[in-house]
Amino acid sequence: MLDVKNLSMRFGGLLAVDQVSLDVKEREIVSVIGPNGAGKTTVFNCISGFYKPTGGTISFQGEEVQGKPDYQISRLGMVRTFQHVRLFNQMTVVENLLVAQHRHLNTNLIAGLLKTPGYRDREQKALDRAAYWLDRVGLLELANREAGNLAYGQQRRLEIARCMVTEPNLLMLDEPAAGLNPAETKDLNQLIVSLKEDYCVSVLLIEHDMSLVMDISDRINVINQGRPLASGTPDEIRQNDDVIKAYLGEA
Amino acid sequence: MPAQNFKHALFCAVITLIIAYPILGLNLEAQGINVTLTGADTFTIVSVFLAAVVVFLFQLFRDNIMGSLQGALSGLSSGSQKEPMAENKRAKIESWVLTGIVVLALFWPFFVSRGAVDLATLVLIYVMLALGLNVVVGLAGLLDLGYVAFYAVGAYTFALLSQYTGISFWVSLPLGALLAALFGLVLGFPVLRLRGDYLAIVTLGFGEIIRILLNNWTSLTGGPNGIGGIPDPTLFGMEFGRRVKEEGNTSFHETFGIAYSGEHKVIFLYLIALVLAVFTALVIRRFMRMPVGRAWEALREDEIAARSLGLSRTAVKLSAFTIGAFFAGFAGTVFASKQGFISPESFVFLESAIILAIVVLGGMGSQIGVVLAAIAVTILPELAREFSEYRMLVFGAAMVLMMVWRPQGLMPMRRIHIELNKQD
Ligand SMILES: Nc1ncnc2c1ncn2[C@@H]1O[C@H](COP(=O)(O)OP(=O)(O)OP(=O)(O)O)[C@@H](O)[C@H]1O
Ligand SMILES: [Mg+2]
């Protein structure tokens with residue numbers, strides 16, 4: 001589904017990502033791990049179109065997407081969350097989910113002003129989808145709160161729900177467990193697995209929480225200082241000497 | 001901490017002296033061809049020093065003063081918020097109150113003086129302008145300091161069309177608005193990538209360019225002399241003048257068999273402005289609940305997140321600029337018709353600043369707040385004409401006070417409550 005080949009990203013003199021390749025297949029959870037500053041977020045930024053990679057190709061569902069504008073890439077069905085939560089803070093929780101469904105809605109101004117049946121119908125569907133996902137992540141009661149006032153863990157879940165209402169094929173999560181307590185991390189674990197099992201979404205995951213990564217990943221890619229270090233199943237990674245030396249050993 | 005306060009207070013007092021003394025305490029007097037510098041009378045100098053002392057004391061005890069004021073203010077507002085009403089009920093009451101106000105506004109011009117109605121028309125024009133700018137600044141978060149340009153486009157469209165082609169107010173109204181919207185779209189393009197301060201400076205430049213263009217394109221616009229003889233609106237072909245100017249039209253007072261009165265026209269214009277202002281408010285209110293309105297706010301809140309969800313920055317920003325400009329075009333047409341004469345003088349930067357001040361004072365994104373602020377900003381200077389020289393001073397002071405105590409504006413925007421049905 002997603003196929004990244006020899007991706008490179010250079011910032012001035014710094015080669016932040018150097019010849020990284022990875023791929024994600026249908027209904028698969030693939031993790032990217034590596035020490036701080038390894039270039040994981042930069043890989044995400046390249047895939048999602050925020051940076052224009054300096055080298056390599058990225059294809060998504062058979063289409064080359066490198067260099068496309070970010071909003072077009074997300075419309076292809078690949079959406080992401082951010083390492084530092086990015087919600088529309090002054091908008092309510094439902095409104096956050098409605099914004100995400102922009103392209104599923106009737107955005108014709110005249111239709112909206114006149115509230116044509118077609119417009120209402122799509123608006124209602126969007127509200128139902130929002131309600132469904134809020135219920136799914138346990139935020140339905142808070143639907144009309146301002147997103148910025150939610151607790152941190154709730155904000156994280158809202159960010160995932162906001163991706164899911166766009167009905168993506170590939171969900172990219174940048175350190176979703178950062179700052180969560182163990183109970184919340186366990187819920188997140190179940191949520192991600194259920195996204196794959198019940199909603200047929202593939203997940204590309206950056207995470208420092210090793211138990212979470214080892215538990216849910218189908219495959220893992222390790223990068224270190226921008227370069228690919230190893231890739232394989234969790235068991236292979238656990239036993240890889242390079243990885244142990246560079247990363248797991250220190251942690 | 002106290003030592004730091006003391007230093008700060010002393011610094012402020014000295015600054016006050018440095019600024020106030022040369023401005024108020026020194027006079028340039030012309031004696032023949034020579035200019036001499038004379039000191040002001042003792043009273044002025046004493047006042048300046050007194051002012052410095054006041055500044056000093058205020059800065060010294062600032063924390064205490066602010067603290068107690070803040071307490072009093074929050075006491076006031078928490079009292080009204082203690083019992084949150086059911087959202088539906090509240091919305092219903094609110095819409096009834098608003099309808100009531102509009103109905104009252106429909107009838108009151110028949111009972112007040114001509115001057116008051118004229119002033120009220122001006123207020124309504126500012127309401128339209130501020131509601132339109134609110135889309136750009138309050139909702140989309142794009143600081144536009146050249147908004148007056150679109151107002152000018154609307155006004156000049158009507159003035160020029162009526163002068164060269166004799167087109168009537170009613171035809172010109174949509175044309176002016178559309179042309180202003182087109183300008184919004186075209187001027188929006190180059191500033192798409194800019195944000196914050198840079199955007200503000202460039203839009204400021206655009207505002208000035210339009211004004212300078214109007215000033216210098218003498219062959220078309222008459223330059224600084226402006227354009228006069230702009231016709232009044234007609235009511236189904238009825239004119240409001242004493243004599244009918246255009247063939248085929250009838251006159252209002254003759255048709256209805258009443259005595260001619262100059263007031264009819266003023267009231268008619270007021271009613272048009274009222275209808276247009278209500279129209280503007282309703283349309284923008286709808287927009288705020290539509291995908292486009294949510295996209296504006298999303299872009300204001302977090303542009304990167306908005307883009308990651310498939311919103312195109314270009315489309316969203318341009319739509320805000322275009323729609324904001326559209327309503328400025330409306331306001332411009334009404335203004336031209338009300339004045340009967342327009343010149344570039346009416347579209348200086350100060351106008352942009354006033355409209356922006358209305359938006360900020362009223363509360364970004366809040367419609368009722370903007371209406372209240374428009375009333376305050378237009379009417380207060382009229383009431384206190386003796387102080388008109390200090391108008392800008394009072395204005396500045398009001399802005400500073402607002403920023404300190406109520407940065408969210410008079411009536412901050414309240415979010416809409418959306419009922420959700422539980423899904424299974
Ligand atoms: N826009 C940028 N300009 C210049 N350098 C950048 C930029 N973005 C990232 N970098 C650099 O690229 C390197 C990789 O950063 P990146 O954020 O991708 O690391 P990471 O693996 O996500 O780390 P962490 O685990 O701390 O999130 C860092 O050295 C960083 O300073
Ligand atoms: Mg990172």
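What you are looking at is a predicted structure, and each value in this text was computed from that prediction instead of being measured.

Calculation rules
Residues numbered from 1 in each chain as written. Chains lettered and ligands numbered in written order. Predicted model: local features only at pLDDT ≥ 70, side-chain atom pairs only at ≥ 80, totals over all residues. Heavy atoms only, no water. Axes fitted to C-alpha atoms, helices over the stretch in contact; angles between N-to-C directions. Helix = DSSP H or I, 4+ residues; strand = E, 2+ residues; numbered from the N terminus. Parallel < 35°, antiparallel > 145°, perpendicular 65-115°, else oblique. Left-handed = near helix turned anticlockwise from the far one by under 90°. Contact = heavy atoms within 4.5 Å. Nonpolar A, V, L, I, M, F, W, Y, C, P; charged D, E, K, R; others polar. Near = heavy atom within 4 Å. Polar contact = N/O pair within 3.5 Å; in protein donor to acceptor, adjacent residues only side chain to side chain. Areas by Shrake-Rupley, 256 points an atom, 1.4 Å probe, with all protein chains shown as cover. Donors = N, O, S within 2.8 Å, 3.2 Å for Na, K, Ca; no water. pLDDT = per-residue confidence, 0-100. Disulfide = S-S within 2.5 Å. Buried area = accessible area lost by both parts, 1.4 Å probe. Salt bridge = Lys/Arg side-chain N within 4 Å of Asp/Glu carboxyl O. Buried < 20%, exposed > 50% of the residue type's maximum accessible area, 1.4 Å probe, protein only. Phe/Tyr/Trp six-rings, centres within 6.5 Å; stacked < 30°, edge-to-face > 60°. Lys NZ or Arg CZ within 6 Å of the ring centre and 35° of its normal. Domains from an automatic or database assignment. Expected span 1.5 Å × (residues − 1). 1 Å grid on protein atoms, 1.4 Å probe; cavity = no way out; pocket = protein on both sides within 12 Å on 5 of 7 lines; lining within 4 Å. Points joined across faces, edges and corners; volume = space filled by probe spheres on them. Pairing = 2+ DSSP bridges.

Caption draft 1: A look at the packing of helix α6 (residues 148-164) of chain B against helix α14 (residues 313-339) of chain B. Residues and elements named next belong to chain B. The N-to-C vectors of α6 and α14 enclose an angle of 45°; their axes lie 6 Å apart at closest approach. Considering the angle they form, α6 stands oblique to α14. Two packed elements cross with a definite hand, and for α6 against α14 that hand is right-handed. Note on element contacts: α14 touches α6 through A325, A328, G329, A331, G332, T333, F335, A336 and S337, opposite F150, Y151, G154, A155 and F158. Classifying every residue of the contact of α6 with α14 by side-chain character gives nine nonpolar, five polar and no charged.

Caption draft 2: Representation of the site of ligand 1 within the structure. Residues and elements named next belong to chain A. Around ligand 1 sit 14 residues in total, of which G37, K40, T41, T42 and Q83 are the nearest. Here an oxygen atom of ligand 1 and a backbone polar atom of G37 are 2.9 Å apart. Within the side chain of Y51, one N or O atom sits 3.1 Å away from a nitrogen atom of ligand 1. For ligand 1, the accessible surface in isolation is 640 Å², of which the surrounding protein chains cover 64%.

Caption draft 3: Broad picture of the coordination of the magnesium ion (ligand 2). Within the protein, the atoms that donate to the magnesium ion (ligand 2) are T41(A) (OG1) and Q83(A) (OE1), at distances of 1.8 to 2.1 Å. Of the two residues, T41(A) is situated in helix α1 (residues 40-47) and Q83(A) in the loop between β6 (78-80) and α3 (93-100); the sequence distance between them amounts to 42 residues.

Caption draft 4: Quick look at the confidence of the model for chain B. Residue and element names in this part refer to chain B. Confidence in the prediction of chain B, expressed as mean pLDDT, is 83, and 89% of residues score 70 or more. Between residues 78-83, whose pLDDT stays under 50, and residues either more than four places distant or in other chains, the model counts zero contacts. The complex prediction reports pTM at 0.83, with the ipTM value standing at 0.91.

Caption draft 5: How the structure looks around the state of the cysteines. Taken as a whole and assessed by the stated rule, the structure comprises zero disulfides over all chains. Here C46(A) is not disulfide-linked; the sulfur of C163(A) is the nearest cysteine sulfur, at 18 Å.

Caption draft 6: Just the interface of chain B and chain A, in detail. At the interface, 32 residues of chain B touch 44 residues of chain A. With both sides pooled, the region where chain B packs onto chain A buries about 3,500 Å², and carbon together with sulfur makes up 64% of that total. The largest per-residue losses of area from chain B upon contact with chain A belong to R294(B), L309(B) and L420(B), which jointly make up 21% of the total buried on that side. Viewed at the interface, chain A and chain B are joined by three salt bridges. We note a salt bridge from R86(A) to D302(B), for which the minimum N-O separation is 2.8 Å. Across the contact surface, chain B and chain A share 10 residue pairs in polar contact (both at pLDDT 80 or more). Of all the secondary structure elements, the ones that give two or more residues to the side of chain B that touches chain A are α11 (262-288), α12 (291-301) and α13 (303-308) of chain B.

Caption draft 7: Spatial organisation of the environment of R238(A). All names here are of chain A. Along the chain, R238 turns up in helix α9 (residues 234-239). Using a relative accessible area of 40% as the deciding quantity, one classes R238 as partly exposed. Spatially, the C-alpha atoms of R238 and M214 are 8.5 Å apart, while their sequence positions differ by 24 residues.

Caption draft 8: Fine view of the packing of aromatic side chains. Summed over all chains, the structure comprises 19 aromatic pairs over all chains. Ring plane angle 75° and centroid distance 6.1 Å describe the contact between Y147(B) and F150(B), whose orientation is recorded as edge-to-face. Taken as a pair, Y147(B) and F150(B) share a single burial class, namely buried. Members of the aromatic cluster, each reached through a chain of ring pairs, are Y151(B), Y156(B), F335(B) and F347(B). Over the ring of F82(A) we find R86(A); its NZ or CZ atom is 5.5 Å from the centre of that ring.

Caption draft 9: Spatial organisation of the domain arrangement of chain B. Each assigned domain of chain B is listed here: domain 1 (3-63) and domain 2 (88-405). With centres defined by C-alpha atoms, the gap from domain 1 of chain B to domain 2 of chain B works out at 40 Å.

Caption draft 10: A look at helix α5 (residues 117-136) of chain A. Relative to the 28 Å expected for 20 residues at 1.5 Å per residue, α5(A) spans 28 Å between its end C-alpha atoms, a close match to the ideal helical length. Within α5(A), burial applies to Y119(A), E123(A), A126(A), L127(A), R129(A), A130(A), A131(A), W133(A) and L134(A). Against α3, α4 (109-114), α6 (152-164) and α7 (182-199) of chain A together with α11 and α12 of chain B lie the buried residues of α5(A). Among the residues trailing α5(A), G138(A) stands out with phi positive, at a value near 75°.

Caption draft 11: Quick peek at empty space enclosed by the protein. All names here are of chain B. Summed over the entire model, instances satisfying the criterion amount to two cavities of 30 Å³ or more. Looking at the largest cavity, its volume works out to about 60 Å³. Lining the largest cavity, in full, are D144, G146, F150, L187, G188, V191, T203, F206 and F321. Elements with a contribution of two residues or more to the lining of the largest cavity: α7 (169-188) and α8 (196-216). Of the residues in the lining of the largest cavity, the class split is five nonpolar, three polar and one charged. Looking at the second largest cavity, its volume works out to about 40 Å³. For the lining of the second largest cavity, the per-class residue count stands at four nonpolar, three polar and three charged.

Caption draft 12: Seen up close, the pairing of strand β3 (residues 29-33) of chain A. All names here are of chain A. Along β3, five of the five residues are buried, which leaves the element largely enclosed by surrounding structure. Where burial is concerned, the two faces of β3 agree: the one with I29, S31 and I33 and the one with V30 and V32 are both buried. With four bridges joining them, β3 and strand β8 (residues 202-206) adopt parallel strand pairing. Counted as the bridge partner of S31 is L205 from β8.

Caption draft 13: Structural view of the pairing of strand β4 (residues 55-60) of chain A. Residue and element names in this part refer to chain A. Two elements, strand β1 (residues 2-11) and β4, share five bridges in a ladder whose sense is antiparallel. The residue bridging D3 from the neighbouring strand is S59, located in β4. In this antiparallel pair of consecutive strands, β4 and strand β5 (residues 63-64), the connection spans two residues, and Q61 shows a positive phi of 50°.

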